[in-house]
Every structure is written in structure tokens, then in C-alpha cells.
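# Understanding the architecture of this molecule
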Amino acid sequence: MNNNTSLIWNVVLSLAVAVLFFLHFSSKSSDAGAAADGAVVEGRRTVYVQVDSLLKNYDFFKDTRKELENKNFQLENELTTKGRSLQNEVAFFQQRAATMTPEQARSTEAQLMKKQQDLVAYRDQSAQALGQEEAKKNEELYKNIRSYIDKYNKENGYEYVLGYSLGGGILFANPSLDVTQKIIDGLNKEYKNSGKAAAPADTTKKK
């Protein structure tokens, strides 16, 4: 269960890198500008986004991670409770087995086996459903980032938007070409305006 749940964040990161790493857009004619905060200058129409920072500060990603972690935690607790209940039934049966008739023992064993099979099936079905939800969230994250960068580029006319991450293929990136914060601000604004953002926690104390 833990391996399945943690896998989403590796997949999410890979998808985000795939989106950001080497997006090529049709160049548009524009006047040369000053080299400041990702501005387009003559002969240099490339900017980059820090992928780790993007995911860390993108509210959709943070809300999704929290939501899925909560669902996984609830599922694990539910399975633990059901498993313990079944173990108790098995222990009770073992204590009473000597006093049962062979037919009663066989019937009880069959019932316990059925409960065990049902629990395993429920576990697998629940894990599959959670995995499908994770996959949908991954796809939504991918589309959100891709769509916003596409719109952002239409306003700025970059040829490349690269994804920069520690240990990645880019060994050096000029800070003046970093548009990470602009992308984060734009994504979070769109997410907030979509009405899907999680409501902020109520920090007021009850008197």
C-alpha cells in the first residue's frame, strides 16, 4: 500500500519534467528586450522553470497530495481494523474448535475463509480505485502545467521552456532566465479561480 501511494509522486515529478523539460513553441516576431527575469532578448528566446520549486509551491499539487495521503491513511486504518477483527474471530474459533462437531468446525472454517477472501478482494479493489484516482490527478496536473505554459508563451514568444532540476540534464542556468515564480503565481491564480482549491484552514480559536 505504501509503495503504491508513494509511486504517484515519482510519476507526478516525471510527468512535470516531461512537460517542462523541452517544450518547443513556434517563435513569434518581437522586439529585443532587457535581460531581466526571463525577458526575451535578441538571440536568446529560452527560459526555464525549477521543477522542484514548481511542485512544492503549486497549490493544486499540494492539495492533491494531502487528499490522497488522507484517503490512503483512512484505507490503511480500515484494513487494519477489519484484519484485527478477523484475527479475533479466528482465535475465538481455535479456542472453541475442540467443543464443535466436525460439521460445525467445517462450516465455521468456510465462513472465516470467505471473510478472508472478501477482505483481500476489498483491499485490492480499494487500492486499484485509489491508483486510478491518482492517475487522473497526474493527468490533470500534466494538463494544467502544459496548458498554462502554452498560454504564458503566447504572451512572451519563447522558443523553449526548459525544466531545471537538481541532478538533471541542465548543468547551469542563468537566474535572469528563471520564470518559476511567474509560472507558480499564474498556476495558483488559475487554480483559485477554478473554485477547486481547498478552503484555507480556520485558524481562529474558539472562546
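Residues numbered from 1 in each chain as written. Predicted model: local features only at pLDDT ≥ 70, side-chain atom pairs only at ≥ 80, totals over all residues. Heavy atoms only, no water.

Going by this rule: UniProt positions are given in the numbering used here, feature names are shortened, and annotations may be inferred rather than shown by experiment.
As annotated in an unreviewed UniProt entry, the protein carries the name Outer membrane protein and is attributed to Dyadobacter fermentans. UniProt annotates the protein under Sequence similarities (unreviewed entry) with the comment "Belongs to the Skp family."

## Overview of the overall build of the protein
Using the following cut-off: Going along the chain from the N terminus, every DSSP run of H or I of four or more residues is numbered as a helix, and every run of E of two or more is numbered as a strand. Only protein chains enter the accessibility calculation, which uses a 1.4 Å probe; a residue whose area is less than 20% of its type maximum is buried, one above 50% is exposed, and one in between is partly exposed. Contacts are residue-level and defined by heavy atoms, with any inter-residue pair within 4.5 Å sufficient. Surface accessibility in these figures is a Shrake-Rupley result with a 1.4 Å probe; residues are shielded only by whichever protein chains are displayed.
Check the secondary structure of the protein and you find 5 helices and 3 strands. Going from the N terminus to the C terminus, the protein shows its helices and strands as α-β-β-α-α-α-β-α. Across the 207 residues that make up the protein, the buried fraction comes to 31%. Long-range contacts, defined here as pairs at least 24 residues apart, represent 85% of the contacts in the protein between residues at least 6 apart. Split by element, the accessible area of the protein, about 13,700 Å² in all, is 51% carbon and sulfur.

## Thoughts on the UniProt feature "coiled-coil region" (unreviewed entry) in the protein
Here, UniProt's "coiled-coil region" (unreviewed entry) annotation points to residues 51-78. Counting secondary structure, residues 51-78 comes out at 96% helix and 0% strand; the distance between its end C-alpha atoms is 35 Å.

## Quick notes on the pattern of salt bridges
Applied cut-off: One side-chain nitrogen of Lys or Arg within 4 Å of one carboxyl oxygen of Asp or Glu is enough to make a salt bridge.
Inspection of the entire model under this criterion finds 10 salt bridges. Ionic pairing is found between D118 and K114, a salt bridge with its closest N-O pair at 2.9 Å. Of this pair, D118 and K114 are both found in helix α4 (residues 102-156), 4 residues apart, which corresponds to roughly one turn of the helix. Connected via shared salt-bridge partners are E67, K71 and E133.

## Focus on the nonpolar core
Heads up, the rule is: As used in this record, nonpolar core signifies buried Ala, Val, Leu, Ile, Met, Phe, Trp, Tyr and Cys residues forming a set joined through side-chain atoms within 4.5 Å.
By size, the foremost hydrophobic cluster in this structure holds 20 residues, and its most contacted members are L54, Y58, L141, I145, V179, I183 and L187. For this core, the secondary structure elements donating two or more residues are β2 (46-50), α2 (51-57), α3 (59-96), α4 and α5 (180-193). With 5 residues, α4 is the single largest residue contributor to this core. Excluding residues that lie within four positions of it along the chain, L187 makes contacts with L54, Y58, N144, I145 and Y148.

## Examining α5
As a reminder, the rule being used: Helices are assigned an expected span. That span is 1.5 Å times one less than the residue count.
If you check α5, its first and last C-alpha atoms are 20 Å apart, about what 14 residues at 1.5 Å a residue would give, namely 20 Å. The set of residues buried in α5 consists of T180, I183, I184, G186, L187, N188 and Y191. Elements that come into contact with the buried residues of α5 comprise β2, α2, α3 and α4. Immediately downstream of α5, the backbone of G195 shows phi near 80 degrees, a positive value.

## Notes on the packing of aromatic side chains
Applicable threshold: Aromatic rings from Phe, Tyr and Trp, taking only the six-membered ring of Trp, are treated as a pair when their centres fall within 6.5 Å; an angle between ring planes under 30 degrees marks them as stacked, one over 60 as edge-to-face, and anything in between as tilted.
Tallied over the full model, the rule gives 6 aromatic pairs. Ring geometry for Y58 versus F60: centroids 5.8 Å apart, planes at 40 degrees, classification tilted. Each of the two residues, Y58 as well as F60, counts as buried. Within the aromatic cluster, the residues linked to one another by ring pairs are Y58, F60 and Y191.

## Thoughts on the environment of V47
When you line up the elements, V47 lands in strand β2. On the basis of relative accessible area, V47 is assigned to the buried category, the value being 1%. Taking the C-alpha atoms as reference points, V47 and Y158, 111 residues apart in sequence, are found 7.3 Å from one another.

## Considering the packing of α4 against α5
Helices that pack against each other are described as a pair by the angle of their axes relative to one another and the distance between those axes. Operational definition: The axes used here are C-alpha line fits, helices contributing only the stretch in contact, and every angle between their N-to-C directions lies in the interval 0 to 180 degrees. When the near helix sits turned anticlockwise from the far one by under a right angle, the crossing is termed left-handed; a clockwise turn instead gives a right-handed crossing. Charged residues are taken to be Asp, Glu, Lys and Arg, nonpolar residues to be Ala, Val, Leu, Ile, Met, Phe, Trp, Tyr, Cys and Pro, and polar residues to be all remaining types, Gly included.
Contact geometry for α4 and α5: axes closest at 10 Å, N-to-C directions at 115 degrees. Crossing handedness for the pair α4 and α5: right-handed. Listed contacts from α5 to N144, I145, Y148, I149, K151 and Y152 of α4 are K182, I183, G186, L187 and E190. Across the contact of α4 with α5, the residue classes tally to 6 nonpolar, 2 polar and 3 charged.

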